[in-house]
Amino acid sequence: MVIDGTKCVSCRMCATFCPTGAIAKFDDADGTLGVTHTPGDCVKCGSCRDVCPSDAITLLDAVPASWLTGGNRHRYVMTLRPVSLTDNPHQILDTFRLDFNGDIFER
Ligand code: SF4
Ligand code: SF4
């Protein structure tokens, strides 16, 4: 997966919902934050793309073999920005309702 930095709002929900840990948050001592992506740990499940509130994630159909075998880890530095969920404030819940056939309930 690749992140379009012009669309990303730095919520890091992609890391929260990545089931394999391929996407991981980092917070450096100097205040730099973002996520890393390890292609070799990615199973292309699509959760990151589906949960992303700003449509910033693309899943590639093909990647260089070296990304998978070379232990590559891509680092995405992010800047905190406000996110607007006015179109659908329940986007994340709705995504998981689709993934789990509706068996998700809001408290
Ligand atoms: S879920 Fe989308 S907007 Fe949020 S940090 Fe990941 S790529 Fe950026
Ligand atoms: S496609 Fe799935 S496994 Fe790969 S980075 Fe996204 S959430 Fe993680």
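Relevant structure appears above.
Residues numbered from 1 in each chain as written. Chains lettered and ligands numbered in written order. Predicted model: local features only at pLDDT ≥ 70, side-chain atom pairs only at ≥ 80, totals over all residues. Heavy atoms only, no water.

Colleague: Could you give me a rundown of the site of ligand 1, with the residues and numbers involved?
Modeller: Near ligand 1 lie 13 residues; those nearest to it are Cys-8, Cys-11, Arg-12, Cys-14 and Cys-52. Its residues placed into classes, the shell around ligand 1 shows 10 nonpolar, two polar and one charged. (Near = heavy atom within 4 Å. Nonpolar A, V, L, I, M, F, W, Y, C, P; charged D, E, K, R; others polar.)

Colleague: Describe the pairing of strand β3 (residues 33-37), with residues and values.
Modeller: Buried residues dominate β3, accounting for five of its five residues. What you see with β3 is no split at all: Leu-33, Val-35 and His-37 on one side and Gly-34 and Thr-36 on the other are buried throughout. Two strands pair when backbone bridges link them, and strand β2 (residues 23-27) and β3 are joined in this way by five bridges, in the antiparallel orientation. Across the sheet, Ile-23 pairs through a bridge with His-37, a residue of β3. In this structure, the hairpin formed by β2 and β3 is closed by a connection of five residues, where Gly-31 is found at a positive phi of approximately 95°. Here β3 pairs with strand β5 (residues 74-78) via five bridges, running antiparallel. Within the sheet, the bridge partner assigned to Leu-33 lies in β5 and is Met-78. (Buried < 20%, exposed > 50% of the residue type's maximum accessible area, 1.4 Å probe, protein only. Helix = DSSP H or I, 4+ residues; strand = E, 2+ residues; numbered from the N terminus. Pairing = 2+ DSSP bridges.)

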